[in-house]
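# Per-entry structural report
For reference, the chains in residue letters:
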Amino acid sequence: ESEGRKEARFNVGLENWQSFGLLKPEVFLITKKKNYKCIINNVSFHGALLTGETAPISQNETGINFMCRFDNPKINVLQHALVVNCQNLHKNYSRYSLQFLDPVSLTWQERLLEYAQTQG
């Protein structure tokens, strides 16, 4: 029996980034050397699926950070993450499945709870 993806996920994408409360549609995957622009495909309380610039990272890599900027009030969330999966989509674009490492940002959890209530 699969242990993966037990948690509810909510679609964001380019259609719903404002409804999710983001200041801009771009979020960042941060490595020790560079920030990579991404878009959130979907979210859960303990992770996110991103599509964005190809970064030199691999599956099960730690030391990665996720950053997004929320609006009303303006606040940045910086979250340590594990790259559960990394899929090269095109020469310059990849998809990243992130699992947030504890402690998970309280701001992230609050914003996701608000968003989940609107997605009923």
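Residues numbered from 1 in each chain as written. Predicted model: local features only at pLDDT ≥ 70, side-chain atom pairs only at ≥ 80, totals over all residues. Heavy atoms only, no water.

With that out of the way, let us pick up the overall build of the chain. Of the regular secondary structure elements, the chain holds 2 helices and 7 strands. In summary, the chain has a C-alpha radius of gyration of 14 Å against a globular reference of 14 Å for 120 residues, a match within 12%. Counting over 120 residues, the chain shows a buried share of 41%. Sequence-distant contacts in the chain: of pairs separated by 6 or more residues, those separated by 24 or more amount to 59%. Accessible surface for the chain amounts to roughly 7300 Å². Of this, 48% is attributable to carbon and sulfur atoms. Looking at the chain, you have 13 positive and 11 negative side-chain charges, and the mean spots of the two groups are 10 Å apart. (Helix = DSSP H or I, 4+ residues; strand = E, 2+ residues; numbered from the N terminus. Rg over C-alpha atoms; globule rule 2.2 N^0.38 Å. Buried < 20%, exposed > 50% of the residue type's maximum accessible area, 1.4 Å probe, protein only. Contact = heavy atoms within 4.5 Å. Areas by Shrake-Rupley, 256 points an atom, 1.4 Å probe, with all protein chains shown as cover. Lys, Arg positive; Asp, Glu negative; His and termini not counted. Charge placed at Lys NZ, Arg CZ, Asp CG, Glu CD.)

A separate point is the side chain of S44. Inspection of the secondary structure assignment puts S44 in strand β3 (residues 35–44). Here S44 falls in the buried class, since its relative accessible area comes to 2%. In this view, S44 contacts E7, A8, R9, W108 and L112; residues no more than four positions away in its chain are not counted.

This part is about the packing of aromatic side chains. We describe a pair of aromatic rings using the distance from one ring centre to the other and the angle between the two ring planes. As enumerated under the stated definition, the model contains 7 aromatic pairs in all. Arranged with centres 5.4 Å apart and planes meeting at 65°, the rings of F20 and F70 form a pair that is edge-to-face. In this pair, F20 is assigned in the loop between α1 (13–16) and β2 (26–30) and F70 in strand β5 (residues 64–70), connecting sequence segments 50 residues apart. Take F20: its relative accessible area is 2%, and that puts it in the buried class. Judged by relative accessible area, F70 falls into the buried class, the value being 0%. In this structure an aromatic cluster arises from ring pairing among F20, F66, F70, F100, W108 and Y115. (Phe/Tyr/Trp six-rings, centres within 6.5 Å; stacked < 30°, edge-to-face > 60°.)

So, about the pattern of salt bridges. Under the definition given, this model contains 1 salt bridge. Of the charged contacts, one joins D71 and K74 as a salt bridge, the two residues approaching to 3.2 Å between their closest N and O atoms. With a relative accessible area of 21%, D71 lands in the partly exposed category. K74 gets classed as exposed once you look at its relative accessible area, which sits at 61%. (Salt bridge = Lys/Arg side-chain N within 4 Å of Asp/Glu carboxyl O.)

A few words now on the state of the cysteines. Under the counting rule described, the total for this entry stands at 0 disulfides. Not part of a disulfide, C38 finds its nearest cysteine sulfur in C86, a span of 9.8 Å. Counting only cysteine sulfurs, C38 is the nearest neighbor of C68, a cysteine outside any disulfide, at a range of 12 Å. Under the relative-accessibility criterion, C68 is labelled buried at 1%. (Disulfide = S-S within 2.5 Å.)

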